[in-house]
Amino acid sequence: MKFSIRSIFISLIVSIMIVLLLQIFLQFDLVTSSAGSFVLNINANSTESANAVTSVVTYFRGFDTLGEVTILFLSIFGISLGLEGYRDKFNIFAYENSLLKIAVDTLFPLIVLFGVYIIIHGHLSPGGGFQGGVIIASAFLLMFLAKSNDFSLKHNILELAESLSGAGFILLGVLSILIINRFLGNFLPLGKIGELFSGGVIPLIYIFVSIKVSAEITSLVEYFIRIKDVK
Amino acid sequence: MIGLIILAIFITLIVLAIAIIQNDDLPHSVVLFMGFGLGSVILYFLFSAPDVALTEAVIGTGVSGVVFLVTLLQIRSKEIKK
Amino acid sequence: MIDILGYILILLGSIFLILSGVGLLRMPDTITRMHAGTKASTLGSLLVIIGVICLEPTLWFKLSILALFILITNPLSSSILARSTYLKHGFLNQSGIDDLKDNR
């Protein structure tokens, strides 16, 4: 079937007209549920975190976060195990442009700054360790794309950062088991809601998660960019 | 009014998904996939889930698109070499 | 007073953004489309950001970082797109001057 831009536009316009007719006849509106206010009520009593999603991810469901991080680690581990023998020192992007290189030098600190901001404000505003970690990894991805063979990362450092942060995550959980008898429970002073140093143990967990995620995604992209001649 | 915008974005996402599947040109399809990610970012934001919107904006629009393009480039270079 | 200035700047910026969208639809080939899509949308985004600074002066630091980001990335991506268009499709205009001939 041949597909052109014109047919996409025509089907778009037709479907928007159908939506308009449906809106007139059926009176659609957003359905609000009651689960959100329930979670917000519990959150106000237990953790002093302004972002309720954060306290769900790291406090109520901390064990599930450990599972997610383990799944990510296993996928990167499988990729590195399968592709280790085929690594080349050359980048597949052979595009050389001095303008791009100079501009990327300016952009890299800005993107890393944005990622760090997202991480350390994870308990105050939308975002958190996973999102900020992927933003930092995308800054490294930009460096890989722009400076083809001038930029390289040592895999030892990436693996060291990843394993240290994972060990730190688990050690934090074990420490809280020893102190208050709950995995990833809060044993630090809570502080006041809405301030930077509040939320107890949540920012620490997010810093560990962000280092782990950024190291993993960076090494994934590095593997994909440098493989050559898979038989 | 906001329900109208949400329904329009839903329809756009359906059209984009059909276009991604039906396209013959694979890089073109990847670009449409990134557009699909952008539409779902707006949708998540309108459904008041900014955390998920941020994740989708970084992963669905940035990293996965680049990983797809790198894979296509690797396949192309193998085909040219043979 | 400064509120009215902010609203006027936001309105001007959105007019430029709409013009850039119209230009993307109306222009005939890649280079001219890039011309419409980059310059007008850079100016439009910057005007909107300056208008928001006039409305909310406490956010000036984050918004100026955003403006810096747009000022770097938008012309850069336009330049890279134009260069790769040239490398793929060759010489497009009628003037006979080809500055990138040696870099091919």
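Since the model is a prediction, treat every value here as computed from it, not as a measurement.

## Details of the overall build of chain C
Alright, step 1. Per the secondary structure count, chain C includes 3 helices and 0 strands.
Alright, step 2. Counting helices and strands in the order they occur from the N terminus, chain C gives α-α-α.
Alright, step 3. The proportion of buried residues among the 104 residues of chain C is 28%.
Alright, step 4. For chain C, the accessible surface area stands at approximately 7100 Å², while carbon and sulfur atoms represent 69% of it.

## Digging into the side chain of C:Thr42
Residue and element names in this part refer to chain C.
Alright, step 1. Note on placement: Thr42 falls in helix H2 (residues 30-55).
Alright, step 2. Among the residues examined, Thr42 registers a relative accessible area of 11% and is labelled buried.
Alright, step 3. A distance of 3.2 Å separates a polar atom in the side chain of Thr42 from a polar atom in the side chain of Asn74.
Alright, step 4. Other than its neighbours up to four places away in sequence, Thr42 contacts Ile70 and Asn74.

## Details of the side chain of C:Ser20
Alright, step 1. By the element assignment, C:Ser20 lies in helix H1 (residues 2-26).
Alright, step 2. Not counting residues up to four positions away in its chain, the partners in contact with C:Ser20 are C:Ala36, C:Gly37, C:Ala40 and C:Ser41.

## Re the packing of helix H3 (residues 52-60) of chain A against helix H8 (residues 202-226) of chain A
All names here are of chain A.
Alright, step 1. Running from amino to carboxyl end, H3 crosses H8 at an angle of 80 degrees, the nearest separation of the two axes being 10 Å. Compared by their axis directions, H3 and H8 come out roughly perpendicular. Packed against H3, whose contacting residues are Thr54, Ser55, Val57 and Thr58, the element H8 presents Ile202, Ile205 and Tyr206 at the interface.
Alright, step 2. A class-by-class count of the residues in the contact of H3 with H8 yields 4 nonpolar, 3 polar and no charged.

## Digging into the interface of chain A and chain B
Alright, step 1. Taken together, the contact pairs 33 residues of chain A with 28 residues of chain B.
Alright, step 2. For the pairing of chain A and chain B, the buried interface totals around 2800 Å² over both sides, and the portion due to carbon and sulfur atoms is 79%.
Alright, step 3. Where chain A meets chain B, there are 0 salt bridges.
Alright, step 4. Seen at the junction of chain A and chain B, the total is 5 residue pairs in polar contact (both at pLDDT 80 or more).
Alright, step 5. Those elements that place two or more of their residues in the side of chain A that touches chain B are helix H1 (5-26), helix H6 (129-146) and H8 of chain A.
Alright, step 6. The element that contributes the greatest number of residues to the side of chain A that touches chain B is H1(A), accounting for 7 residues.

## Some thoughts on the confidence of the model for chain B
Alright, step 1. Taken as a whole, chain B shows an average pLDDT of 85; of its residues, 94% reach a score of 70 or greater.
Alright, step 2. Here helix H1 (residues 2-22) of chain B stands out as the element of chain B with the lowest mean pLDDT, 83, in contrast to helix H2 (residues 26-46) of chain B, whose mean of 91 is the highest.

## What about the environment of A:Met143?
Alright, step 1. Along the chain, A:Met143 falls in helix H6.
Alright, step 2. Along the sequence, A:Met143 and A:Lys101 sit 42 residues apart, while their C-alpha atoms lie 8.4 Å from each other.

## Regarding the interface of chain A and chain C
Alright, step 1. Listed by partner, the interface residues are 11 residues for chain A and 11 residues for chain C.
Alright, step 2. Of the roughly 970 Å² buried where chain A meets chain C, counting both sides, 82% is carbon and sulfur surface.
Alright, step 3. Sorting the residues of chain A by area buried against chain C places A:Tyr95, A:Leu107 and A:Leu110 first, and these three jointly supply 45% of that buried surface.
Alright, step 4. Across the contact surface, chain A and chain C share 0 salt bridges.

## Remarks on the packing of helix H4 (residues 62-83) of chain A against H8(A)
Residues and elements named next belong to chain A.
Alright, step 1. Running from N to C, H4 and H8 cross one another at 25 degrees; their axes reach a closest spacing of 10 Å. In terms of orientation, H4 and H8 fall into the roughly parallel class. Between H4 and H8 lies a crossing whose hand is left-handed. Listed contacts from H8 to Val69, Leu72, Phe73, Ile76, Ile79, Ser80 and Leu83 of H4 are Lys212, Val213, Glu216, Ser219, Leu220, Tyr223 and Phe224.
Alright, step 2. The class makeup of the residues in the contact of H4 with H8 is 10 nonpolar, 2 polar and 2 charged.

## Topic: the pattern of salt bridges
Residues and elements named next belong to chain A.
Alright, step 1. Going through the model one piece at a time under the given rule, you end up with 5 salt bridges over all chains.
Alright, step 2. Note that Arg226 is salt-bridged to Glu222, the shortest N-O span being 2.8 Å. Linking Arg226 with Glu222, this pair stays in helix H8, spanning 4 residues, or about one helical turn. With respect to class, Arg226 is no different from Glu222; both count as buried.
Alright, step 3. Here the salt bridges share partners, and the residues they tie into one network are Glu162, Lys212 and Glu216.

## Some details on the environment of A:Leu172
Residue and element names in this part refer to chain A.
Alright, step 1. Note on placement: Leu172 falls in helix H7 (residues 155-180).
Alright, step 2. Classification of Leu172 as buried rests on a relative accessible area of 11%.
Alright, step 3. Once the C-alpha coordinates of Leu172 and Asp88 are considered, the two residues, 84 residues apart in sequence, prove to be 38 Å apart.
Alright, step 4. With residues up to four places along the chain from it excluded, the contact list for Leu172 reads Phe187, Val201, Leu204, Ile205 and Phe208.

Parameters at a glance
- Every residue gets a number counted from 1 within its own chain, in the order that chain's sequence is written.
- Key to labels: chains lettered from A, ligands numbered from 1, both in the order written.
- Local features in this predicted model are restricted to residues of pLDDT 70 or higher, and side-chain atom pairs are both shown and tallied only at a pLDDT of 80 or more, whereas totals for entire chains, interfaces and linings draw on every residue.
- Only hydrogens and water are set aside when side-chain values are computed; all heavy atoms of the structure are taken into account.
- Secondary structure elements follow DSSP: runs of H or I of four or more residues count as helices, runs of E of two or more count as strands, with numbering from the N terminus.
- Burial classes: relative accessible area under 20% of the type maximum marks a residue as buried, over 50% as exposed, and values in between as partly exposed (1.4 Å probe, protein chains only).
- Per-residue and other accessible areas were derived by the Shrake-Rupley procedure at a 1.4 Å probe size, with only the shown protein chains allowed to occlude residues.
- Under this definition, polar contacts are N or O atom pairs within 3.5 Å; protein pairs additionally need one hydrogen-donor-capable and one acceptor-capable atom, and for neighbouring residues in sequence, both atoms have to be side-chain atoms.
- It only takes one pair of heavy atoms within 4.5 Å for two residues to be counted as in contact.
- To define axes, lines are fitted to C-alpha atoms, for helices over the stretch in contact only, and angles between the resulting N-to-C directions are given on a 0 to 180 degree scale.
- The scheme is simple: roughly parallel for angles under 35 degrees, roughly antiparallel for over 145, roughly perpendicular for 65 to 115, oblique for anything else.
- Residues are grouped as follows: Ala, Val, Leu, Ile, Met, Phe, Trp, Tyr, Cys and Pro are nonpolar; Asp, Glu, Lys and Arg are charged; all remaining types, including Gly, are polar.
- Computed with a 1.4 Å rolling probe, the buried area is the accessible surface lost when two parts are put together, summed over both parts.
- The term salt bridge refers to a side-chain nitrogen of Lys or Arg lying within 4 Å of a carboxyl oxygen of Asp or Glu.
- Residue-level confidence of the predictor is summarised by pLDDT, bounded by 0 at the bottom and 100 at the top.
- Here a crossing is taken to be left-handed if its near helix is turned anticlockwise relative to the far helix by less than a right angle, and right-handed if that turn runs clockwise.

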